[in-house]
Amino acid sequence: MSKGGKSFLALPSTWKTRDGETRSRIVVQAEPGSAVTTPRADVQYVVTEYGVADLKYKSTVERARALIAIAHPDFRRELERQMPL
């Protein structure tokens, strides 16, 4: 929030359930009841091991495409399929 400052959110692209199933951290929509602690207006860069998405000045659809591009490759096709038109 400082003048000229930048916001970075760094995270691994996946996580494992208790059963050992791998899931994407990048999702089309948060689960109902999930806590969202960082408003989308406060995030400029999202970083995973697959790259960096610059979300500043992007529309909702552009932001979704940028995030899918840095999702784990195994989940990208499904995320694209789930995107609203």
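Only a predicted model underlies this, so the values are computations on that prediction, with no experimental measurement involved.

Each value, and the rule that gives it
- Residues numbered from 1 in each chain as written.
- Predicted model: local features only at pLDDT ≥ 70, side-chain atom pairs only at ≥ 80, totals over all residues.
- Heavy atoms only, no water.
- Helix = DSSP H or I, 4+ residues; strand = E, 2+ residues; numbered from the N terminus.
- Contact = heavy atoms within 4.5 Å.
- Areas by Shrake-Rupley, 256 points an atom, 1.4 Å probe, with all protein chains shown as cover.
- Lys, Arg positive; Asp, Glu negative; His and termini not counted.
- Charge placed at Lys NZ, Arg CZ, Asp CG, Glu CD.
- Pairing = 2+ DSSP bridges.
- Core = buried A, V, L, I, M, F, W, Y, C linked by side-chain atoms within 4.5 Å.
- Buried < 20%, exposed > 50% of the residue type's maximum accessible area, 1.4 Å probe, protein only.
- Axes fitted to C-alpha atoms, helices over the stretch in contact; angles between N-to-C directions.
- 1 Å grid on protein atoms, 1.4 Å probe; cavity = no way out; pocket = protein on both sides within 12 Å on 5 of 7 lines; lining within 4 Å.
- Points joined across faces, edges and corners; volume = space filled by probe spheres on them.
- Nonpolar A, V, L, I, M, F, W, Y, C, P; charged D, E, K, R; others polar.

J.: I'd like a rundown of the overall build of the protein chain, residues and numbers included.
T.: Each helix and strand in the protein chain was counted, giving 2 helices and 5 strands. Dimensions along the principal axes, computed over C-alpha positions, put the protein chain at roughly 45 × 30 × 25 Å. Taking all contacts inside the protein chain whose residues are at least 6 apart in sequence as the whole, residues at least 24 apart take part in 40%. When the accessible surface of the protein chain is summed, it comes to about 6,800 Å², and 52% of that surface belongs to carbon and sulfur atoms. Taking the 14 positively charged and 10 negatively charged side chains of the protein chain as two groups, their mean positions are separated by 6 Å.

J.: Describe the pairing of strand β5 (residues 51-54), listing the residues and the values that go with them.
T.: The pairing of strand β4 (residues 45-48) with β5 spans 4 bridges and is classified as antiparallel. Of the residues in β5, the one forming a bridge with Tyr 45 is Asp 54. Between β4 and β5, which pair antiparallel and follow one another directly, the connecting turn spans 2 residues.

J.: Please give an account of the nonpolar core that cites residues and values.
T.: Ile 26, Val 43, Val 46, Ala 53, Leu 55, Ala 66, Ile 68, Ile 70, Ala 71, Leu 79 and Met 83 together form the largest nonpolar core, which totals 11 residues. Non-local contacts of Leu 55, meaning those with residues more than four positions away in its chain, are made with Val 43, Gln 44, Val 46, Arg 63, Ala 66 and Leu 67.

J.: Explain the sheet that holds strand β1 (residues 8-10) residue by residue, including any values.
T.: One open sheet accounts for 3 strands, arranged β1-β4-β5; its pairing is mixed. With one partner strand each, in any of the chains shown, β1 and β5 form the two edges of the open sheet. The average angle at which neighbouring strand axes cross in this sheet is 20°, direction not considered.

J.: A description of the layout of surface pockets should follow, citing residues and the corresponding values.
T.: For the largest pocket, the calculated volume is near 1,400 Å³. Looking at the largest pocket, it is lined by 37 residues, and the ones nearest its centre are Arg 25, Val 27, Val 28, Ala 30 and Leu 67. Broken down by secondary-structure element, the contributors of at least two residues to the lining of the largest pocket are β3 (22-24), α1 (60-69) and α2 (73-82). Looking at the lining of the largest pocket residue by residue, the class counts come to 22 nonpolar, 8 polar and 7 charged. Estimates place the volume of the second largest pocket at around 210 Å³.

J.: Report on unusual backbone geometry, specifying residues and quantitative values.
T.: One non-glycine residue with positive phi stands out, namely Tyr 57, at about 65°. With respect to the secondary-structure elements, Tyr 57 resides in the loop between β5 and α1.

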